[in-house]
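Observations on chain architecture
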Amino acid sequence: MNNDVSASAAVAGLDLGETFTFDELVSAVQRRRRRRLRIVELVDLGDHDGLCAVWLMTDGEDLVLHAHSDSALHRQQFVLHELAHMILGHNFDDDPEAPDFLLPDIPRNTRRRLLRRQDLDTVEEVVAETLADRLAAAIRGSAMLRSRYLEIFG
Ligand SMILES: [Zn+2]
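Calculation rules
- Residues numbered from 1 in each chain as written.
- Predicted model: local features only at pLDDT ≥ 70, side-chain atom pairs only at ≥ 80, totals over all residues.
- Heavy atoms only, no water.
- Salt bridge = Lys/Arg side-chain N within 4 Å of Asp/Glu carboxyl O.
- Helix = DSSP H or I, 4+ residues; strand = E, 2+ residues; numbered from the N terminus.
- Buried < 20%, exposed > 50% of the residue type's maximum accessible area, 1.4 Å probe, protein only.
- Pairing = 2+ DSSP bridges.
- Donors = N, O, S within 2.8 Å, 3.2 Å for Na, K, Ca; no water.
- Tetrahedral: all angles 85-135°; square planar, octahedral: opposite > 155°, others 65-115°.
- Expected span 1.5 Å × (residues − 1).

Under the annotation held in an unreviewed UniProt entry, the chain carries the name ImmA/IrrE family metallo-endopeptidase and is attributed to Cryobacterium zhongshanensis.

This is how it looks when you write it as structure tokens:
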């Protein structure tokens with residue numbers, strides 16, 4: 001399968017057009033998956049060897065936990081990478097290495113995925129990161145369109 005084509009098809013399936021805001025993207029993913037999506041910053045995350053974000057699937061919702069970063073763009077990229085996995089329909093088995101410190105109140109057997117973003121060594125990780133870049137570009141495009149609009153009409 002051509003990964004580039006599948007990523008394009010996955011994005012087209014979201015029905016968002018060429019540019020969109022981050023919030024529009026989150027809404028589209030929720031619609032697509034018919035599940036609530038919550039994005040939570042974990043202040044304590046970040047000191048644990050490069051762990052940037054985690055996607056947890058519980059019975060009722062998708063949870064993206066991400067590390068704190070002073071750069072809003074970094075934070076967004078962490079989350080976009082996880083959204084990319086969802087959009088691409090990646091399914092992960094429980095990661096036995098998922099540390100319990102993350103969310104001790106979520107039972108182990110409901111966890112699906114722990115991400116270490118620096119491990120971009122599998123096809124799925126590379127495709128997700130590529131799609132995350134593409135999503136970031138579409139969000140940037142949306143912000144630029146908006147500011148141009150304000151310049152002209154504001
Ligand atoms: Zn990943």
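That covers the picture; the talk isn't over yet.
Further remarks concern the pattern of salt bridges. One side chain can pair with another of opposite charge once the charged atoms of both are near each other. Using the criterion set out here, one finds 4 salt bridges in the structure. Across the salt bridge formed by Asp-62 and Arg-33, the nearest N and O atoms sit 2.6 Å from each other. Here Asp-62 is found in strand β3 (residues 61-67), whereas its partner Arg-33 is found in helix α2 (residues 22-33), with 29 residues between them in sequence. Asp-62 sits in the buried class, given a relative accessible area of 1%. The residue Glu-61 makes a salt bridge to Arg-38 at a minimum N-O spacing of 2.7 Å. Of this pair, Glu-61 sits in strand β3 while Arg-38 sits in strand β1 (residues 36-42); the two residues are 23 residues apart in sequence, bridging distant segments of the chain.

Attention shifts here to the pairing of β3. For β3, the buried fraction is high: 7 of the 7 residues fall into the buried class. Across the two faces of β3 the burial is the same, with Glu-61, Leu-63, Leu-65 and Ala-67 and Asp-62, Val-64 and His-66 all buried. Pairing between strand β2 (residues 53-57) and β3: 5 bridges, direction antiparallel. Each bridged residue has a counterpart across the sheet, and for Leu-56 the counterpart in β3 is Leu-63. Here β2 folds back onto β3 in antiparallel fashion, the turn holding 3 residues.

In this section: the coordination of the zinc ion. Protein coordination at the zinc ion: the donors are His-81 (NE2), His-85 (NE2), Glu-125 (OE) and Glu-125 (OE), at 1.9 to 2.8 Å from the metal. Around the zinc ion, the 4 donor atoms sit at angles spanning 52 to 146°, and that spread fits a shape best called irregular. All donors of the zinc ion belong to a single chain; written as a sequence motif, their spacing is H-x3-H-x39-E. One end of the pair, His-81, and the other, His-85, are both in helix α3 (residues 72-88), 4 residues apart, so they sit about a helical turn from each other. One exposure class covers both His-81 and His-85, and it is buried.

What follows concerns the pairing of β2. Within β2, 5 of the 5 residues are buried, which leaves the element mostly enclosed by the surrounding structure. A two-sided burial pattern is seen for β2, the buried positions comprising Ala-53, Trp-55 and Met-57 on one face and Val-54 and Leu-56 on the other.

The next subject is α3. For α3, with 17 residues, the first-to-last C-alpha span of 24 Å sits near the 24 Å given by 1.5 Å per residue. Counting buried residues in α3 gives 13 out of 17 residues, a clear majority hidden from the surface. Count one or two residues on from α3 and you reach Gly-89, which has phi positive near 75°.

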